[in-house]
Amino acid sequence: MITEKSVKELENSQAALTLTLDAASIEEAYGKRLQKYAKDLTIPGFRKGKAPASVIERKFGDQIREESTFDAMDEALREAISSLDKKDAPIVFSQPVLQDEEKLLPFKKDSDITFTVVYDIMPRFDLPQYTGLEVEVPSIEITDADIDKEIERLRDQNAIVRKKDGEAANGDIATVDYVELDENGSEIAHTERKGFTFTLGSGYNFYKIDNDIIGMKAGDEKTVTKTYTEEDNVPGYAGKTITLRIKLDTIKSRELPEVDDDLAQDIKEEYKTVADLRAGIKADFQKRADEVSKSEKENAIVKKILSSLSFPLPESMVKAELENRWRGFMRQTGLNEEQMKTFMNMQGSDENSIMEQWRPDAEEIIREQLLLDAIREKENFSVTDEELNAEAEKQLANVPESEKESYKDMIKNEMQFSKVIPYLLENNTFKEGEKKSYSEYMGL
């Protein structure tokens with residue numbers, strides 16, 4: 001039986017729970033464990049289950065007392081935690097850690113036990129002002145230049161590629177063979193590449209040979225000497241001089257279509273004229289700009305509120321977020337653990353160093369989620385029974401009817417959470433800041 005229970009808030013979103021168990025409960029647990037040993041053990045000189053308790057105690061008493069006392073402590077801890085207020089209870093990611101175990105041992109007969117566990121709790125903070133704020137966000141302007149740039153992209157996309165006679169020029173599509181040569185003019189193994197195709201001027205080739213090919217004709221072959229610097233961005237070649245043999249197999253030119261009504265109709269059936277095309281591009285850009293602007297407002301207001309709020313995050317919560325990101329990263333790469341370990345060793349990295357790079361962003365996202373959830377809880381946004389039941393039916397279509405009710409509180413919280421951002425957008429002011437063109441803002 002728990003005779004005393006106390007919770008003390010610690011730094012860094014932790015709490016210490018201290019419990020005292022009475023000696024009678026501990027001895028009862030000891031007696032039950034002793035009976036189990038007596039039933040299951042085979043002691044030399046006695047039939048199984050027939051050894052006297054005194055013999056078993058003499059041989060295994062300390063072990064039995066330690067096991068039974070820890071069991072009693074575990075049971076008491078589960079009981080105590082289940083009765084704690086939500087604010088004092090361990091978060092789902094955290095396991096209580098027993099403190100000063102060595103001071104408790106050896107356990108003594110007929111003695112109360114007082115022990116303390118430490119665990120992470122939900123961060124506690126007072127909500128700052130989150131309505132009536134003014135936030136500046138960039139203004140996105142769709143200019144004629146933005147539309148012209150998109151039309152050029154569409155022209156390039158609809159270009160006709162033709163085989164070209166004559167000299168290769170910037171913008172042509174070249175297919176080449178190349179190989180490195182040693183000081184004796186012999187080919188260096190593993191450096192040969194055949195039938196490599198790229199657009200001259202794009203720089204999309206390892207050795208950066210665009211300018212070396214310009215002026216060559218199909219069938220031409222040449223040997224060039226190239227010296228690379230850090231700025232050339234050729235991995236492993238900075239400061240090196242190499243000799244490269246290049247053969248130009250084919251050249252193709254790109255013939256861009258005229259900007260006329262035919263082009264407009266090729267791009268989309270409903271476009272009949274160039275004017276329709278320009279209007280359509282502007283409408284598409286405006287839709288994207290509105291979406292981006294909304295996202296900017298959401299990010300800006302959340303960061304504005306967080307700027308006046310500081311609280312420590314439980315390490316177990318951050319660790320869970322980082323591990324979740326790691327699992328997602330592994331799925332993305334398609335590598336198994338051993339392959340990833342080998343790859344990271346080659347890069348001079350490991351799982352922990354990558355997670356530490358992710359930590360600042362992970363912590364920011366956790367703080368944002370905690371802030372929004374605190375606003376949800378305080379505002380207690382209205383969700384009607386009809387709305388809740390409809391959403392529950394949609395989400396729980398494959399859940400047995402008898403279990404659906406247990407999920408409804410979680411679904412209601414999700415529905416309320418989805419109302420937080422719209423509420424913040426409606427109850428704060430957004431001032432237009434620096435005006436940027438669509439292309440500049442989107443990084444096009």
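Residues numbered from 1 in each chain as written. Predicted model: local features only at pLDDT ≥ 70, side-chain atom pairs only at ≥ 80, totals over all residues. Heavy atoms only, no water.

1. Quick word on the overall build of the chain
Each helix and strand in the chain was counted, giving 14 helices and eleven strands. Taken over the C-alpha atoms alone, the chain extends approximately 105 × 70 × 45 Å along its principal axes. The burial tally for the chain puts 35% of its 444 residues in the buried class. When the 63 positive and 93 negative side-chain charges of the chain are each reduced to one mean point, those points stand 4 Å apart. (Helix = DSSP H or I, 4+ residues; strand = E, 2+ residues; numbered from the N terminus. Buried < 20%, exposed > 50% of the residue type's maximum accessible area, 1.4 Å probe, protein only. Lys, Arg positive; Asp, Glu negative; His and termini not counted. Charge placed at Lys NZ, Arg CZ, Asp CG, Glu CD.)

2. Notes on the UniProt feature "domain: Trigger factor C-terminal" (unreviewed entry) in the chain
Here, UniProt's "domain: Trigger factor C-terminal" (unreviewed entry) annotation points to residues 273-428. Along residues 273-428, the helical share is 81% and the strand share 0%, with 43 Å between the first and last C-alpha atoms. (UniProt positions renumbered as here; feature names shortened; annotations may be inferred.)

3. Here's the deal with the packing of aromatic side chains
Scanning all chains against the criterion turns up 14 aromatic pairs. Relative to Trp-358, the ring of Trp-326 has its centre 6.2 Å away and its plane inclined at 45 degrees; by these criteria the two rings are tilted. With Trp-326 in helix 8 (residues 315-333) and Trp-358 in helix 10 (residues 351-379), this pair connects stretches of sequence that are 32 residues apart. Both residues of the pair, Trp-326 and Trp-358, count as buried. Linked through ring pairs, Tyr-178, Phe-196, Phe-198, Phe-206, Tyr-207, Tyr-228 and Tyr-237 together constitute an aromatic cluster. Over the face of the ring belonging to Tyr-237 we find Lys-240, whose NZ or CZ atom lies 4.4 Å from the ring centre. The ring of Phe-311 has Arg-367 lying over it, and the distance from NZ or CZ to the ring centre is 5.5 Å. (Phe/Tyr/Trp six-rings, centres within 6.5 Å; stacked < 30°, edge-to-face > 60°. Lys NZ or Arg CZ within 6 Å of the ring centre and 35° of its normal.)

4. Some thoughts on the nonpolar core
Counting residues in each nonpolar core, the largest one holds 34 residues, and the members touching the most others are Ile-301, Val-302, Ile-305, Trp-326, Leu-371 and Leu-424. Secondary structure elements with two or more residues in this core: strand 5 (134-141), helix 7 (274-306), helix 8, helix 9 (337-346), helix 10 and helix 13 (420-426). Here this core gets nine residues from one element, more than from any other, and that element is helix 10. If near-sequence neighbours (up to four positions away) are discounted, Trp-326 is found in contact with Glu-337, Met-340, Met-344, Glu-351, Ile-354, Met-355 and Trp-358. (Core = buried A, V, L, I, M, F, W, Y, C linked by side-chain atoms within 4.5 Å. Contact = heavy atoms within 4.5 Å.)

5. Considering the layout of surface pockets
What the largest pocket holds in volume is close to 600 Å³. Lining of the largest pocket is provided by 18 residues; of these, Lys-86, Met-122, Leu-370, Asp-373 and Glu-377 occupy positions nearest its centre. Partitioned by chemical class, the residues of the lining of the largest pocket number eleven nonpolar, one polar and six charged. The calculated volume of the second largest pocket comes to roughly 350 Å³. In terms of lining residues, the second largest pocket is bounded by 15 residues, among which Ser-25, Ala-29, Asp-71, Ala-72 and Glu-75 are the most central. For the lining of the second largest pocket, the elements supplying multiple residues, two or more each, are helix 1 (23-40) and helix 2 (53-82). The biggest single contributor to the lining of the second largest pocket is helix 2, with seven residues. (1 Å grid on protein atoms, 1.4 Å probe; cavity = no way out; pocket = protein on both sides within 12 Å on 5 of 7 lines; lining within 4 Å. Points joined across faces, edges and corners; volume = space filled by probe spheres on them. Nonpolar A, V, L, I, M, F, W, Y, C, P; charged D, E, K, R; others polar.)

6. Re the packing of helix 8 against helix 10
Contact pair helix 8 / helix 10: the axes reach a minimum separation of 8 Å and the direction vectors enclose 115 degrees. For the pair helix 8 and helix 10, the crossing hand works out as right-handed. Facing Glu-315, Met-317, Val-318, Glu-321, Leu-322, Glu-323, Arg-325, Trp-326 and Phe-329 of helix 8, the residues of helix 10 in contact are Glu-351, Ile-354, Met-355, Trp-358, Arg-359, Asp-361, Ala-362, Glu-363, Ile-365, Ile-366 and Leu-370. (Axes fitted to C-alpha atoms, helices over the stretch in contact; angles between N-to-C directions. Left-handed = near helix turned anticlockwise from the far one by under 90°.)

7. Observations regarding the sheet that holds strand 1 (residues 2-10)
Taken in spatial order, the four strands of this open sheet run 1-2-4-3, and their pairing is antiparallel. Each edge of the sheet is formed by a strand with only one pairing partner; in this case those strands are strand 1 and strand 3 (97-98). Judged from the two bridges that link them, strand 3 and strand 4 (residues 113-120) form a sheet pairing that is antiparallel. Residue pairing across strands places Val-97 opposite Val-118, the latter belonging to strand 4. (Pairing = 2+ DSSP bridges.)

8. Here's the deal with the environment of Pro-106
Mapping Pro-106 onto the fold places it in the loop between helix 3 (101-104) and strand 4. In this structure the C-alpha to C-alpha distance between Pro-106 and Asp-409, which are 303 residues apart in sequence, comes to 46 Å.

9. Some points on helix 7
If you check helix 7, its first and last C-alpha atoms are 48 Å apart, about what 33 residues at 1.5 Å a residue would give, namely 48 Å. Buried within helix 7 we find Val-274, Leu-277, Gly-280, Ile-281, Phe-285, Ala-289, Glu-298, Ala-300, Ile-301, Val-302, Ile-305 and Leu-306. (Expected span 1.5 Å × (residues − 1).)

10. Some points on the side chain of Lys-226
Among the secondary structure elements, Lys-226 is positioned in strand 9 (residues 221-227). One polar contact links the side chain of Lys-226 to the main-chain carbonyl oxygen of Lys-208, over a distance of 3.4 Å. Within the structure, Lys-226 has its side chain in polar contact with the side chain of Asp-212 (distance 2.8 Å). If we skip the residues at most four places from it in the chain, Lys-226 touches Tyr-207, Lys-208, Ile-209, Asp-212, Lys-240, Thr-241 and Ile-242. (Polar contact = N/O pair within 3.5 Å; in protein donor to acceptor, adjacent residues only side chain to side chain.)

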